[in-house]
Every structure is written in C-alpha cells, then in structure tokens.
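Listed below are the residues making up each chain.
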Amino acid sequence: MSAQAPTRRQGGFPIPLVGMLLFISSEVMFFGGLFATYFSARASFAGAWGPPPGAPELEILPVPLPITLILLTSSITMHWAVRAIGRGDSGRLRLWLVVTLGLGLVFLAGQIYDYTTLGFGISDGVYGTVFYTLTGFHGAHVFGGVVGLSILTARAGQGQFSARNHVAVEAVSYYWHFVDVVWVALFTTLYLLG
Amino acid sequence: MATTTTLAPGTTGYERSWVLDWLTTVDHKKIGVLYIVNAFAFFFFAGLLALVVRTELAVPGLQFVDQSTFNQAFTMHGTLMIFLFIVPVFSGFANYVVPLMLGAPDMAFPRINALSFWMLPLGGLLIVSGYLVGGAAAGGWTGYAPLTGVQFSPGDGTDLWIMGLAVVGTASILGSVNFLTTIFKMRAPGMTLYRMPIFVWTVMVTQALILLATPVITAALIALFIDRNYGGSFFDPSVGGDPILWQHLFWFFGHPEVYIVILPALGVVSEILPVFSRKPLFGYRAFVWATIAIGLLSFSVWAHHMFTTGVVFLPFFTFMTALIAIPTGVKMFNWLATLWRGSLVFTTAMLFALGVISMFLIGGISGVMLAAAPVDFHLQDTYFVVAHLHYVFFGGAAMGVFASAYYWFPKMTGRRLNETLGKIHFGMLLVGFNAAFFVQHSLGIQGMPRRIADYAADAGWTEMNLISTAGAFLIAFSMVPFVVNVVTTLLNGEKVGDDPWEGNTLEWATTSPPPTYNFDRLPPIRSERPVFDLRHKHEPNLHPEANP
Ligand code: HEM
Ligand SMILES: [Cu+2]
C-alpha cells in the first residue's frame, strides 16, 4: 500500500522482550498457584510431612544437588551466549547455545533418574501428589526451554543472528533464567526445608 | 449526519478466496470480528440452556428435564456465558478497536493473535463435547471440589470441561500478552498514556487481571485433573488433601474475573456517553485511577465468596470489598456529571449505555449487601446471588456488548444498524431482563436455593418463578429484532460515512471499514479526543485537563 510505514514506537525495550516479560509474569502466577497448593497441603497435614511411610527420605545426593548446580551453570552459559552475539561473535554464540542445551538435557535426564529412586508415586498421599506436580511441571518448563534452545541453535547455525539482531536469543534467555529461578525455589522448598 | 473526515485513506487489498482469507487472517480487525461471531454463537447456545433451566423452574414439579440434565444445563450455561461469551466478546471488540484507537497498524504479535483466537472455538468445543460422551460437566461453573471429583462426577464430561477451560485460559493469557504489549509499545506519536481513550485503559487493566489471575485457575484445574485421573489427592481430605483449597484458588481468580467481565463494559459506556452528550467525559483522570484502583483491589477480596466456610477473616474481607464501592462510585458520579446539561442524543447505543449504568447500579447495591458477612450468611447460595450476578453480568456487561455492537457496527461495516429495530430490541430486553431477574431478589430473601431443579408447591415461590421464566422468554424473543437487524443491515443497510456519530477517538479518523494497516495519515494527537480536535480546529480547547 502507498501509506507510510506502520507506526511503531522506537527505542526503549524491544517488543518481543516486553512480550516475554509479560508472559513470564503469568508464569510466576502459575507457579505461585502450584506453590500455594504445596504450602496449603503442608499446613493442613495432620501427620509428619514428607514422603509416605515406607519410602526413603528425600536426599539431595547423589542426584538433586548436582543437577541443581548443572542448571545454575546453564544460566551462566546462556548469559555468555547472549554476550557473545552482542559482540557479533556467532561462533561463540553457537558454542554456548549447544553447551546450554546439553546441560538442560542432563538436568532432565537427572530428574527422570531421580524419580525412579524415590520409592513413592503421585497417588501416594498428598505429599506424593504435590511433589510430582510441582517438579513435573517444572520439568515440562525446562523441556519447553530446551525446545526453544534447539530452535535458536538451528537458527544460529544458519547465521540468522547478528550483533544488532538477536532479540530472540535474549527472549529465550529470559525464559531460561526464569525456569532456573523457579528450580532454586523448588529445591529450597522440597529438599532443603523439607 | 454522514460526515467524511479529511484523512480517510483509500482502500487497498488484493483478491483471495474469502473463506481462506478469514481462516488464515492475521489482521486484528478480522480476528476481532471472528471473536465476536464465535462469542455470539456460544451466547445463543448458552441462552438456550438458560431457557431449559427456566422452563423447568416455571412451575413446581419435575416435568421437563431430569435432575442430571438440569445440572448439566446450568453448569454449561454458566461456563459458556462466562468463558466463551462475555470475556471473549470484549476481546473481540478490543481486538478491533484498540489498535485503531491507539493509531497503530495492528497488534504487536499478529500471528499469536490468530493463534489465541483459534484456541477458543477448540476449547469451547471440548467443553461442549461432554454432551456427546454421556453427559457434560454438572458441578456448576465454579467447579467446587469434591463435587467435581471422580466420586461425585464420574465420566468424561468433567475431564473435557477441565481440558477445554485450560485451553481457553491459555488462549486468554496469550491474548493478554498481546494486548498489553500493543498498548505499551504501539501507540502513535503523541498518544501518551493520559491521552488514551478510556476504553483502552479499561482493556489494559482487564488484560492485566487476565494475565495474573488466569494462571492461578489453570494451576487449580491441573490439580483437579490430576486428582481425577492420576490418583492425586489435592482436594481429598481422607488422605490429607483440602477441599477448601479449591475455593481459595478458584476465587483468587474468580473475583478478578468479575472485573475482567465488567470493566470493558464500563469502558464502552465511557466512550459512548461523551459522544452522545456532546461533552467531554467528566474527570478523565479520576476515571483512569478509579479503574486502576478497582483492578488492584480486586485481588484482595476473593474470600468474600467463602464467608460461610468459616475459614476466612470476615472483617478484613468485608472491609476490602466495601472499599471497591468507592472507585465504582467515582465512576457513577463522573458519568452523571458527563450527562448533566449535555445535549443528549438517544441513539440505541446510548440507550444501552444508560441501561448498563442503571442495571449495574442495582447489581452493585446487591453486591455491597452480599459483601456484609452477616447478610451473606442468610443469602449465600440463594436466588439473591443469582439475581445479583445477572445484574452485573447481563444487565452490566452483556448490555455493554450490545452498546458496543450498535456503536461500532458502522465502523466495522460502513453501515448503521436500523434505529427502530434497535430500540425495539432494547425495550424488549430491558423489560424481559428485569422481569426475569428482579423477582429473584425476593425469591432469594424468601430462601429459594440456587441450583435446584424443583421446589415445593406450597413454598410460595411459584408466582415469582413464573414471572421470571416469562421474562427469560421475552429476553430470548428480543434477539429476533437484533438478528434481523444485523442481517438486513449487512445486506442493504443505510450506508453512512466514516464518522456517523461525530466520534472523539481515532478509530473515527479512518475509513469504515478501515483498510489493512488502518491509517494513511494520523491527525495530530494533542488530547484524548483527537478527532474532536480535528473537527473543531478553530475552537478553544474545551477540555484543558488533558493538555497540561
Ligand atoms: C439469556 C438470559 C439469561 C437467563 C434467562 C439466565 C438464567 C439463568 C438461570 C436460570 C441460572 C441458574 C440458576 C441456578 O439454578 O442456580 C443461571 C445461572 C448463571 N448464569 Fe445466567 N441467564 C442468562 C444470561 C446470562 C449471562 C449473559 C451470563 C454471563 C455473562 C450468565 C451467567 C450465569 C452464571 C455464571 C450462572 C451460574 C451458574 C451456576 O450456578 O453454575 N447468565 N442463569
Ligand atoms: Cu467477588
């Protein structure tokens, strides 16, 4: 059409990042709701809170603590990926994206392995229900992040990002950091405060 | 009064099969129309279900449907009216007009916009498909656990209800991300926050409520699904769960939901009153801040729905609830001051706007009554609540839908709906509505419980139930002139110019219907009424408040 270019506000925060931040605020409320179920169940629980009778105590070793550290590390490598493309270094971008992706997959594998050692299931009382729901939905979010990282890696392989144009990398990094923060809260609630 | 503004651009576009065009469109205006059409389809279906309920209740005895059909009917009526009619229909109008009002070419994320629309009919069909698999959900639209647990609601209907609502909820979260980003980032040069039309402000607060409240109900729905299908025990007290938890999560969402429903209607009213009073809105900034205050307060009052559970701190929630009456009162005052000494034009849109104000006033008063805990202990779960909620949802919000329809129809189609048919529609609806719902206040005070299919012949409720049912049918018949009006106007209605009402806001500065990307040029934006300024270039600014 003959008209002028669409009027968009220049400057300030890029549109996709605003969208991502808004989306993350809704995710905060979603996990807020799930955490509310945990604390409500815990507050109204009559017996001793924890894994059902017969199941072993929750241990932070050998799996939960290491995968926590792995996920924290992946936030750092993701940050390096953003920094790299900010300098226009697409080789390093690809490197750190692949590393982050790998760490995310290791976390998921660790979580699944951990599930097999717990000795109780989702239907074993309200503790089992909240434990698997909270960690399970967090795992699903990590998986979503892994999908996002894979797409980024593929696009980076085609050289689609540059120092000036990499807002998608930043958007996914926000999401990845968010998922990481949620895990820290979960790890603290479930394993440290027990 | 067909006037054409000087800034009207020529229409553009290219030919494609129109079906494909509508199915694949990412244009916010077409998506808006899709939203509205889809919402009206569910409105008519949910209205028929209401007639089923009302017919059964017309006289004592069970003669028309059985108990289980009755429970399904009121559950699906409530669910569809809330989640597939009244919320999406305003998303539709907002989709159409918000970018126009901001002077933007489209929404921030056009493809996500299309996605969030198409998830709606999908979710709606999931909910309704319960009817095909041996019975739809029957636990009420509030889905109280353990009523909706496997024990009391076996069968797939309730699972489909949960899944459908989760899809609809996700869709509205994506939609709210889109609206908020659009409002933050896509405003035309000169369109400061304090120059945005009030409708945009109400949409902004509404979408913020959707963004923050919907995820909580999604979490609750997931928990219910896990209880039902994977042996979970969130809400099962026998293994340590807590049924009251459902109510907390539900109402933490459910109360903001009431404002999600009503705020856009109040926004439309605030656009229509100034146009047809030929005066600026009185107290624009007070109005903005009252809207924000209502949004914030709405998160702190959820437990007023749970007074009778005995687990909530009554004085706090009574106080917070009463507090909401203050910003609402500010709005009432501003509207009346806007009308005061205006040269009023009683178009159908204006009549519906006045209808919203007066019906919402009644609903607000009965709401304040219910918010007083001692009164609520008597009226909880009676027909008084049904009356109250319909004065807010129907008399307030749904009348606002019709006001929007009559007001923006010329913008969307270039043709104006017939005023005579419109006034017949309004008259029948107003009479029918009050007949159907006013008597329910006294039914409630006399103790008739909601959600019952039958009542005793000697309870003294028969006469009023008969009146209520007659009113419901009058409401249904009032849709005939409306539908006839829409169809005949689309076929060969009166063609009007780009700005038939002499509007104030930017959508009236482009053609009707607007072209792809909306504007060739924009008028200078120096107040919250840029098109008024354009029309009255040489007059002194009548509204200095907006131009500090
Ligand atoms: C066509 C006019 C309407 C009629 C005749 C009507 C009638 C009814 C009736 C008879 C009930 C059942 C009350 C009970 O047994 O508890 C009901 C419930 C309800 N209605 Fe309507 N209604 C109408 C329009 C609306 C609209 C426009 C909305 C919302 C936008 C709405 C929302 C609700 C809700 C949320 C419930 C509660 C359902 C439940 O208890 O689970 N209704 N209505
Ligand atoms: Cu409420």
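Residues numbered from 1 in each chain as written. Chains lettered and ligands numbered in written order. Predicted model: local features only at pLDDT ≥ 70, side-chain atom pairs only at ≥ 80, totals over all residues. Heavy atoms only, no water.

**Digging into the overall build of chain B**
For step 1, the next point in the chain: Scanning chain B from N- to C-terminus turns up 15 helices and two strands.
For step 2, the next point in the chain: Relative to the globule expectation of 24 Å for 548 residues, the C-alpha radius of gyration of chain B, 23 Å, shows essentially globular dimensions.
For step 3, the next point in the chain: Once the C-alpha set of chain B is aligned to its principal axes, its extents read approximately 70 × 45 × 45 Å.
For step 4, the next point in the chain: Within the span of chain B, comprising 548 residues, buried residues form 62% of the whole.
For step 5, the next point in the chain: A sequence separation of at least 24 residues applies to 83% of the contacts in chain B between residues at least 6 apart.
For step 6, the next point in the chain: When the accessible surface of chain B is split by element, carbon and sulfur atoms take 71% of a total near 19800 Å².
For step 7, the next point in the chain: Averaging the positions of the 26 positive and the 29 negative side-chain charges in chain B gives two centres separated by 14 Å. (Helix = DSSP H or I, 4+ residues; strand = E, 2+ residues; numbered from the N terminus. Rg over C-alpha atoms; globule rule 2.2 N^0.38 Å. Buried < 20%, exposed > 50% of the residue type's maximum accessible area, 1.4 Å probe, protein only. Contact = heavy atoms within 4.5 Å. Areas by Shrake-Rupley, 256 points an atom, 1.4 Å probe, with all protein chains shown as cover. Lys, Arg positive; Asp, Glu negative; His and termini not counted. Charge placed at Lys NZ, Arg CZ, Asp CG, Glu CD.)

**A look at the coordination of the copper ion (ligand 2)**
Residues and elements named next belong to chain B.
For step 1, the next point in the chain: Protein coordination at the copper ion (ligand 2) comes from His 255 (ND1), His 304 (NE2) and His 305 (NE2), with a distance range of 1.6 to 2.0 Å.
For step 2, the next point in the chain: Sequence positions of the donors to the copper ion (ligand 2) reduce to the motif H-x48-H-H.
For step 3, the next point in the chain: Its relative accessible area of 11% is what places His 304 among the buried residues.
For step 4, the next point in the chain: Given the relative accessible area of 22%, His 305 is considered partly exposed. (Donors = N, O, S within 2.8 Å, 3.2 Å for Na, K, Ca; no water.)

**Description of the site of ligand 1**
All names here are of chain B.
For step 1, the next point in the chain: Taken together, 22 residues surround ligand 1, and among them His 77, Trp 141, His 390, Phe 394 and Arg 451 come closest.
For step 2, the next point in the chain: A distance of 2.9 Å separates an oxygen atom of ligand 1 from a polar atom in the backbone of Trp 141.
For step 3, the next point in the chain: Here a nitrogen atom of ligand 1 sits 2.8 Å away from a polar atom, N or O, in the side chain of His 390.
For step 4, the next point in the chain: For the shell around ligand 1, a count of residues per class yields 15 nonpolar, four polar and three charged. (Near = heavy atom within 4 Å. Polar contact = N/O pair within 3.5 Å; in protein donor to acceptor, adjacent residues only side chain to side chain. Nonpolar A, V, L, I, M, F, W, Y, C, P; charged D, E, K, R; others polar.)

**Brief notes about helix 13 (residues 419-445) of chain B**
Residue and element names in this part refer to chain B.
For step 1, the next point in the chain: Between its first and last C-alpha, helix 13 extends 39 Å over 27 residues, near the 39 Å set by a 1.5 Å rise per residue.
For step 2, the next point in the chain: Maximum bend of helix 13: about 25°, positioned at Ala 435.
For step 3, the next point in the chain: Backbone nitrogen of Thr 420 and a side-chain oxygen of the N-cap are separated by 2.8 Å at the start of helix 13; the cap is Asn 418.
For step 4, the next point in the chain: Two residues or fewer after helix 13 comes Gly 447, characterised by a positive phi angle close to 100°. (Expected span 1.5 Å × (residues − 1). Bend = angle between axes of the 7 residues up to and from the residue.)

**Focus: the coordination of the iron atom of ligand 1**
All names here are of chain B.
For step 1, the next point in the chain: Coordination of the iron atom of ligand 1 by the protein involves His 77 (NE2) and His 390 (NE2), with metal-donor separations of 2.0 Å.
For step 2, the next point in the chain: Viewed at the metal, the six donor atoms of the iron atom of ligand 1 are separated by angles of 89 to 179°, and the geometry they form is octahedral. Linking His 77 in helix 3 (residues 67-102) with His 390 in helix 12 (residues 383-413), this pair joins segments that are 313 residues apart in sequence.
For step 3, the next point in the chain: Using a relative accessible area of 16% as the deciding quantity, one classes His 77 as buried.
For step 4, the next point in the chain: On the basis of relative accessibility, which here comes to 15%, the residue His 390 falls in the buried class. (Tetrahedral: all angles 85-135°; square planar, octahedral: opposite > 155°, others 65-115°.)

**Digging into the pattern of salt bridges**
Residue and element names in this part refer to chain B.
For step 1, the next point in the chain: A full pass over the atoms with the stated rule returns seven salt bridges over all chains.
For step 2, the next point in the chain: Of the charged contacts in the structure, one is a salt bridge between Arg 416 and Glu 494, with a shortest N-O distance of 3.0 Å. Placement of Arg 416 in strand 1 (residues 415-416) and of Glu 494 in strand 2 (residues 494-495) is noted, with a sequence separation of 78 residues between them. (Salt bridge = Lys/Arg side-chain N within 4 Å of Asp/Glu carboxyl O.)

**Examining the packing of aromatic side chains**
Residues and elements named next belong to chain B.
For step 1, the next point in the chain: Applying the stated criterion across every chain yields a total of 63 aromatic pairs over all chains.
For step 2, the next point in the chain: With centroids separated by 5.4 Å and ring planes inclined at 70°, the aromatic side chains of Phe 252 and Trp 302 adopt a geometry described as edge-to-face. In this pair, Phe 252 is assigned in helix 7 (residues 243-277) and Trp 302 in the loop between helix 8 (284-297) and helix 9 (314-339), connecting sequence segments 50 residues apart.
For step 3, the next point in the chain: The ring of Phe 532 has Arg 529 sitting right over it, with the charged end atom 3.7 Å from the ring centre. (Phe/Tyr/Trp six-rings, centres within 6.5 Å; stacked < 30°, edge-to-face > 60°. Lys NZ or Arg CZ within 6 Å of the ring centre and 35° of its normal.)

**Considering the interface of chain B and chain A**
For step 1, the next point in the chain: The interface is formed by 42 residues belonging to chain B together with 35 residues belonging to chain A.
For step 2, the next point in the chain: A buried area of about 3200 Å², summed over both sides, lies between chain B and chain A, and 72% of it is on carbon and sulfur atoms.
For step 3, the next point in the chain: Per-residue buried area on chain B facing chain A is highest for Lys 185, Phe 234 and Asp 520 of chain B; these three make up 18% of the total on that side.
For step 4, the next point in the chain: Here chain B is connected to chain A by zero salt bridges.
For step 5, the next point in the chain: Joining chain B to chain A, the criterion identifies four residue pairs in polar contact (both at pLDDT 80 or more).
For step 6, the next point in the chain: Looking at the side of chain B that touches chain A, the elements with two or more residues in it are helix 5 (156-185), helix 6 (198-229) and helix 7 of chain B.
For step 7, the next point in the chain: Per element, the largest residue contribution to the side of chain B that touches chain A is nine residues, and it comes from helix 6 of chain B.
For step 8, the next point in the chain: For the side of chain B that touches chain A, a count of residues per class yields 26 nonpolar, ten polar and six charged. (Buried area = accessible area lost by both parts, 1.4 Å probe.)

**Overview of the packing of helix 7 of chain B against helix 9 of chain B**
Residue and element names in this part refer to chain B.
For step 1, the next point in the chain: Following both chains from N to C, one finds helix 7 and helix 9 inclined at 15°, their axes separated by 10 Å at the closest point. Judged on the interaxial angle alone, helix 9 and helix 7 are roughly parallel. Every pair of crossing elements has a handedness; the one defined by helix 7 and helix 9 is left-handed. The segment helix 7 lies against helix 9, with His 255, Tyr 259, Leu 263, Leu 266, Val 269, Ser 270, Leu 273, Pro 274 and Ser 277 engaging Ile 324, Lys 331, Trp 335, Thr 338 and Leu 339.
For step 2, the next point in the chain: Residue composition of the contact of helix 7 with helix 9, by class: nine nonpolar, four polar and one charged. (Axes fitted to C-alpha atoms, helices over the stretch in contact; angles between N-to-C directions. Parallel < 35°, antiparallel > 145°, perpendicular 65-115°, else oblique. Left-handed = near helix turned anticlockwise from the far one by under 90°.)

**Brief notes about the packing of helix 4 (residues 125-157) of chain A against helix 5 (residues 167-192) of chain A**
Residue and element names in this part refer to chain A.
For step 1, the next point in the chain: The N-to-C vectors of helix 4 and helix 5 enclose an angle of 160°; their axes lie 10 Å apart at closest approach. Viewed along their axes, helix 4 and helix 5 adopt a mutual orientation that is roughly antiparallel. Pair helix 4 / helix 5 crosses with left-handed handedness.

**Describing unusual backbone geometry**
For step 1, the next point in the chain: With an omega dihedral of 0°, the bond running from Leu 61 of chain A to Pro 62 of chain A counts as a cis peptide bond.
For step 2, the next point in the chain: By the element assignment, Pro 62 of chain A lies in the loop between helix 1 (15-43) and helix 2 (64-86).
For step 3, the next point in the chain: The backbone of Asp 381 of chain B sits at a positive phi, close to 60°, despite the residue not being glycine.
For step 4, the next point in the chain: By relative accessible area, which is 39% here, Asp 381 of chain B ends up partly exposed.
For step 5, the next point in the chain: Even without glycine at this site, Glu 502 of chain B takes up a positive phi of about 60°.

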